[in-house]
Amino acid sequence: MADDYLVRIGKLIRDARQHRGWTQTQLAEALGTSQSAVNRIERGNQNISLEMIARIGEALDSEIVSLGYAGPMHLRVVGGRRLSGSIDVKTSKNACVALLCATLLNAGRTTLRRVARIEEVYRILEVLGSIGVRTRWINDGNDLEIVPPAQLDLESMDLEAARRTRSVIMFLGPLLHRMERFKLPYAGGCDLGTRTVTPHMTALRHFGLEITATDGTYLAEVDRTIAPKRAIVLTERGDTVTENALLAAARHDGVTVIRNASSNYMVQDLCFFLEELGVRVDGIGTTTLTVHGVAKIDRDVDFAPSEDPVEAMSLLAAAVVTESELTIRRVPVEFLEIELAVLEEMGLDHERSAEYPADNGRTRLIDLTVRPSKLQAPLDKIHPMPFPGLNIDNVPFFAAIAATAQGQTLIHDWVYDNRAIYLTDLTRLGAQVKLLDPHRVLVDGPTRWRSAEMMCPPALRPAVVVLLAMMAAEGTSVLRNVYVINRGYEDLAERLNSIGAQIEIFRDI
């Protein structure tokens, strides 16, 4: 029995390593051991402690096993079922994590409404709690109350939680106003290739922040004599870079102009929240933001982030690939207009309600009904652009949609180094996806989906795309180790089941 347990653990480790794209030697280096030891572990020929399993899971950013329950979470999907009824879009994951970081600006109490209860949010809450911020779920667990301490205890930071989320990089902007010297661990999250922090450093240098990267840690020092003397031009129009610059500018006692700023949904929600804190932001929704900062913020605020356009796209794609009629409620249409225009040209049969405001009073929502459609491949390639272009995180869903359409679709995911590669996992489920290079795939449709058992890709959106394809495939499929999906979606399996899917959560160790 013990030998069987070791073999099963070894197989999970091997699968997680291979999906990370690492060799045994690379994993050995990360663990400070030998390649031969890793080989023995993966073959089930070496006893392995829970501590070592935890270290391997941290190195691979994969939940190999977890204490307190039987093992990593898997999904068993009975496909070929039609979806029906209606489903609400939940609040934005990316907005929620930015707002949690932004609460460090405020000495008062912050209440955030309908916060997404996802792993990414939990990791940030663990980090905040470890440095002294008091957080608690209220109103039957729907809302979140955050109260910061007078002094943060960064020395007690939960480093394991911090390393498992890229959002911790957004602590830089708020912390530079509270401390002259501090440390943060390297940011983790999805495996999407090299994502440099240089744009963050370049932007925050205008506020006197200098960062030295050494031995898995960012060492930050602040020179209080330095302040922005001219407009800050971001070297990339990134969402988190823009948010970090906004967070730094919010408590700079003066006017800061940020150019080449992202105007994406999570940035707009952050701007709306900063205005609740008393920080005036001109140019919201444009690429030039003018921030009228205040030196001290001490307000009790109540804010409701808007709905998540990427989740809305996920649900839309679920309806398309399963050939279902489904109503998706509370869709933030201004962040899906390009996607809907492309799908309309492909032949999507859909109906939109009149627009109405989100709970933040600013974002435009609709209810969207999608019907079974005969889609044709688009004439042009699918490629992302900064808002108001096609959203970067929505590109993977077009791989599953294109696989249902007649003809050939070129998908060019130029932003991330590895994500297009993960889309080739759809071939295991019957799709014809040809990798041209690390950024481009050709998808030929239509597809006769087939069931399969496979490991979850280590990137969030491709992982959900695989799940949607399994829902379309006749028979029973298994998707193993879905921690990455739980990072970005709240109760996704249960919610899909509520509209007709048949997805079982199980653990096998």
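An unreviewed UniProt entry annotates the protein chain as UDP-N-acetylglucosamine 1-carboxyvinyltransferase of Streptomyces lunalinharesii. The record held by UniProt for the protein chain lists under Function (unreviewed entry) the comment "Cell wall formation. Adds enolpyruvyl to UDP-N-acetylglucosamine." Within the UniProt record for the protein chain, the comment given under Catalytic activity (unreviewed entry) is "phosphoenolpyruvate + UDP-N-acetyl-alpha-D-glucosamine = UDP-N-acetyl-3-O-(1-carboxyvinyl)-alpha-D-glucosamine + phosphate".

*Asks:* Got a minute to help me understand the sheet that holds strand 23 (residues 503–506) in this structure?
*Replies:* Neighbouring strands of a sheet are bound in pairs by backbone hydrogen bonds; such pairs are parallel or else antiparallel. With respect to topology, four strands assemble into an open sheet ordered 21-22-1-23, the strand pairing being mixed. Taken across any chain shown, the strands that pair with only one partner, and hence form the sheet edges, are strand 21 (453–455) and strand 23. Along the sheet, successive strands turn relative to each other by an average axial angle of 20°, direction set aside. Bridge analysis of strand 1 (residues 74–79) against strand 22 (residues 475–480) gives five bridges, and the strand direction is antiparallel. In the strand pairing of strand 22, Val78 is matched with Thr476.

*Asks:* What is the right way to look at helix 12 (residues 309–321) in this model?
*Replies:* Since there are 3.6 residues in each turn of an α-helix, residues three or four apart along the chain are aligned in direction. Here helix 12 contains 13 residues, and its C-alpha end-to-end distance of 18 Å stays within 8% of the 18 Å for a straight helix at 1.5 Å per residue. Most of helix 12 is tucked away: 13 of the 13 residues are buried. Its side-chain oxygen at 2.8 Å from the backbone nitrogen of Val310, Asp308 defines the N-terminal cap of helix 12. Within two residues after helix 12, Glu323 carries a phi angle of roughly 55°, on the positive side.

*Asks:* Teacher, can you tell me more about the pattern of salt bridges here?
*Replies:* Note on pairing: side chains with opposite charge can pair once their charged atoms come close. Inspection of the entire model under this criterion finds 32 salt bridges. Where Arg364 meets Glu334, a salt bridge forms, and the shortest distance between an N and an O atom there is 3.8 Å. Of this pair, Arg364 sits in strand 17 (residues 364–371) while Glu334 is found in the loop between strand 14 (326–332) and helix 13 (337–346), placing the two residues 30 residues apart along the sequence. A relative accessible area of 15% means that Glu334 is categorised as buried. Several salt bridges share partner residues, and in doing so they unite Arg109, Arg134, Arg136 and Glu145 into one network.

*Asks:* Please explain the packing of helix 5 (residues 93–102) against helix 11 (residues 265–276) as it appears in this structure.
*Replies:* The relative placement of two packed helices is expressed as an angle between their axes plus a distance between the axes. Across the interface, helix 5 lies against helix 11 with an axial gap of 8 Å and an inter-helix angle of 35°. The handedness of the crossing between helix 5 and helix 11 is right-handed. In contact with Asn94, Ala95, Ala98, Leu99 and Ala102 of helix 5, helix 11 contributes Tyr265, Met266, Asp269, Leu270 and Phe273. Taken together, the residues that form the contact of helix 5 with helix 11 break down as eight nonpolar, one polar and one charged.

*Asks:* Sorry, what's going on with helix 6 (residues 119–130) here?
*Replies:* With 12 residues, helix 6 should cover 16 Å at 1.5 Å per step; its first-to-last C-alpha distance of 16 Å lies within 8% of that length. Every buried residue belonging to helix 6 is among Glu119, Glu120, Val121, Arg123, Ile124, Leu125, Val127 and Leu128, and all of these are buried. Tucked into the core, helix 6 has its buried residues touching helix 5, strand 4 (134–138), strand 5 (143–147), helix 7 (159–163) and helix 17 (483–488). Positive phi shows up at Gly132, right after helix 6, with a value of about 105°.

*Asks:* How do you make sense of the nonpolar core when you look at a structure like this?
*Replies:* Core analysis: the largest hydrophobic core is formed by 154 residues, its most contacted members being Phe171, Phe182, Leu426, Leu479 and Ile485. In this structure Phe171 touches Cys101, Leu104, Ile124, Val127, Leu128, Ile131, Met157 and Leu184, once residues within four positions along its chain are discounted.

*Asks:* Got a minute to help me understand the state of the cysteines in this structure?
*Replies:* One pass over the structure, following the stated rule, counts zero disulfides. Not engaged in a disulfide, the cysteine Cys96 finds its nearest cysteine sulfur in Cys101; these two sulfurs lie 11 Å apart. Take Cys96: its relative accessible area is 1%, and that puts it in the buried class.

*Asks:* Any chance you could explain the sheet that holds strand 18 (residues 407–412) here in plain terms?
*Replies:* The strand order across the open sheet formed by three strands is 18-20-19, and the pairing between neighbours is antiparallel. Sheet topology places strand 18 and strand 19 (432–437) at the edges, where each strand pairs with a single neighbour. Neighbouring strand axes in the sheet, compared pairwise and without regard to direction, differ in orientation by 20° on average. By the bridge criterion, five bridges tie strand 19 to strand 20 (residues 440–445) in an arrangement that is antiparallel. Considered in strand 20, the bridge of Gln432 is made with Asp444. Strands in contact with helix 14 (residues 395–404) are strand 18 and strand 20; relative to strand 20, the strand with the most contacts, it is inclined by about 25°.

Rules of the game
- Here the residue numbering is sequential within each chain, running from 1 through the sequence in written order.
- Reporting of local features is limited, given that this is a predicted model, to residues whose pLDDT is at least 70; pairs of side-chain atoms are given and counted only at 80 or more, and all residues count toward the totals for whole chains, interfaces and linings.
- Side-chain numbers here rest on the full set of heavy atoms in the structure, without hydrogens or water.
- UniProt positions are given in the numbering used here, feature names are shortened, and annotations may be inferred rather than shown by experiment.
- Pairing between two strands requires that DSSP report at least two bridges joining them.
- Secondary structure elements follow DSSP: runs of H or I no shorter than four residues count as helices, runs of E no shorter than two count as strands, and numbering proceeds from the N terminus.
- Axis lines are fitted through C-alpha atoms, for helices just across the contact stretch, and the angle between N-to-C directions can take any value from 0 to 180 degrees.
- A helix is expected to reach a length of 1.5 Å times the quantity of its residues less one.
- Three labels apply to residues, based on accessible area from a 1.4 Å probe with only protein chains included: buried if under 20% of the type maximum, exposed if over 50%, partly exposed otherwise in between.
- Polar contacts, as counted here, are pairs of nitrogen or oxygen atoms within 3.5 Å of one another; within protein the pair requires one atom able to donate a hydrogen and one able to accept it, and residues that are adjacent in sequence qualify only if both atoms are side-chain atoms.
- Salt bridges are defined by distance alone: a side-chain nitrogen of Lys or Arg within 4 Å of a carboxyl oxygen of Asp or Glu.
- For a crossing to be left-handed, the near helix must be turned anticlockwise from the far one by less than a right angle; the clockwise case is right-handed.
- Between two residues, a contact is recorded if the distance between any of their heavy atoms is within 4.5 Å.
- The residue classification treats Ala, Val, Leu, Ile, Met, Phe, Trp, Tyr, Cys and Pro as nonpolar and Asp, Glu, Lys and Arg as charged. All others, Gly included, are polar.
- We call a set of buried residues a nonpolar core when its members are Ala, Val, Leu, Ile, Met, Phe, Trp, Tyr or Cys and they connect through side-chain atoms within 4.5 Å of each other.
- Two cysteine sulfurs form a disulfide in these notes if their separation is within 2.5 Å.

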